[in-house]
Amino acid sequence: LRTSSGMDLAIRFWNMPVAIIYITAAMLFIGAAPLPYGYYNLLRLVATIVFIWAAFVAYEKKNDTLPWIYGGLALLFNPIMKIHLPKELWVIIDICAGAFLLYTKTIIEKYEAKN
């Protein structure tokens with residue numbers, strides 16, 4: 001299906017809005033602070049959804065590595081079968097996951113600009 005501008009609807013669906021990436025990264029960075037337990041439950045849910053979505057986007061863009069990394073992050077953050085780690089380790093994971101999300105966003109944007 002094509003829109004009036006000629007853009008394929010499937011491509012538009014698979015492009016993740018930049019605001020979602022920035023909000024999720026910010027939530028991950030904020031997660032490094034000592035906050036109520038409810039925030040971390042919300043963070044797990046949001047991060048899992050975004051990482052699953054990012055894995056599908058990366059897969060659709062024919063990337064070989066990113067779907068696996070995002071899939072692993074989705075498993076790590078999943079709110080159903082929680083992985084219990086010390087808070088100190090979660091701080092590192094939250095910061096690294098947020099930075100990785102922002103970094104790969106720039107890589108995908110550069111890739112899209114080339115093609």
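See the structure shown above.
Residues numbered from 1 in each chain as written. Predicted model: local features only at pLDDT ≥ 70, side-chain atom pairs only at ≥ 80, totals over all residues. Heavy atoms only, no water.

Regarding the packing of aromatic side chains
Under the defined criterion, the tally for this structure stands at five aromatic pairs. A centroid spacing of 5.9 Å and a plane angle of 25° characterise the contact between phenylalanine 51 and tyrosine 70, whose relative ring orientation is stacked. Of this pair, phenylalanine 51 sits in helix 3 (residues 37-60) while tyrosine 70 sits in helix 4 (residues 66-77), and the two are 19 residues apart along the sequence. Per residue, the accessibility class of phenylalanine 51 equals that of tyrosine 70, and both read buried. (Phe/Tyr/Trp six-rings, centres within 6.5 Å; stacked < 30°, edge-to-face > 60°. Helix = DSSP H or I, 4+ residues; strand = E, 2+ residues; numbered from the N terminus. Buried < 20%, exposed > 50% of the residue type's maximum accessible area, 1.4 Å probe, protein only.)

Considerations on the packing of helix 2 (residues 18-30) against helix 3
With their axes 10 Å apart at the nearest point, helix 2 and helix 3 run at an angle of 140° to one another. As judged from the angle between their axes, helix 2 and helix 3 are oblique. At the point where helix 2 passes helix 3, the crossing takes the left-handed sense. The residues of helix 3 that touch helix 2, namely those facing Ile20, Thr24, Met27, Leu28 and Ile30, are Tyr39, Leu42, Leu43, Val46, Ala47, Val50, Phe51 and Trp53. Its residues assigned to classes, the contact of helix 2 with helix 3 comprises twelve nonpolar, one polar and no charged. (Axes fitted to C-alpha atoms, helices over the stretch in contact; angles between N-to-C directions. Parallel < 35°, antiparallel > 145°, perpendicular 65-115°, else oblique. Left-handed = near helix turned anticlockwise from the far one by under 90°. Contact = heavy atoms within 4.5 Å. Nonpolar A, V, L, I, M, F, W, Y, C, P; charged D, E, K, R; others polar.)

Here we look at helix 2
Taking 1.5 Å per residue as the helical rise, helix 2 with its 13 residues ought to reach 18 Å, and the 18 Å between its terminal C-alpha atoms agrees with that figure. Looking only at helix 2, the buried set comprises Ile21, Thr24, Ala25, Met27 and Leu28. Across the axial projection of helix 2, the buried residues extend over an arc of 160°, all falling on one side. (Expected span 1.5 Å × (residues − 1). Arc of directions from axis to C-beta.)

Looking at the nonpolar core
Leu28, Phe51, Tyr70, Leu73, Phe77 and Leu101 are the most contacted members of the largest nonpolar core, which totals 24 residues. Contributions of two or more residues to this core are made by helix 2, helix 3, helix 4 and helix 5 (87-114). Ignoring any residue separated from it by four or fewer positions in sequence, one finds leucine 73 in contact with Phe51, Ala97 and Phe100. (Core = buried A, V, L, I, M, F, W, Y, C linked by side-chain atoms within 4.5 Å.)

Some points on helix 4
In this model, helix 4 (twelve residues) spans 16 Å end to end at C-alpha, consistent with the 16 Å of a helix rising 1.5 Å per residue. When we look at burial in helix 4, the residues that qualify are Leu66, Pro67, Tyr70, Leu73, Ala74, Leu76 and Phe77.

Regarding the side chain of aspartate 94
Its location among the elements puts aspartate 94 in helix 5. Look at aspartate 94: it is buried, it has no salt bridge, and the nearest opposite charge is lysine 87 at 5.0 Å. If near-sequence neighbours (up to four positions away) are discounted, aspartate 94 is found in contact with Leu28, Gly31, Ala32, Leu43 and Phe77. (Lys, Arg positive; Asp, Glu negative; His and termini not counted. Salt bridge = Lys/Arg side-chain N within 4 Å of Asp/Glu carboxyl O.)

Focus: the packing of helix 3 against helix 4
Two numbers describe how helix 3 lies on helix 4: the axes approach to 8 Å, and their chain directions differ by 165°. One way to sum up the angle between helix 3 and helix 4 is to call them roughly antiparallel. When you trace helix 3 past helix 4, the crossing you get is left-handed. For the pair helix 3 and helix 4, contact is made by Arg44, Ala47, Thr48, Phe51, Ile52, Ala54, Ala55, Ala58 and Tyr59 and by Leu66, Pro67, Tyr70, Gly71, Leu73, Ala74, Leu76 and Phe77, respectively. Taken together, the residues that form the contact of helix 3 with helix 4 break down as 14 nonpolar, two polar and one charged.

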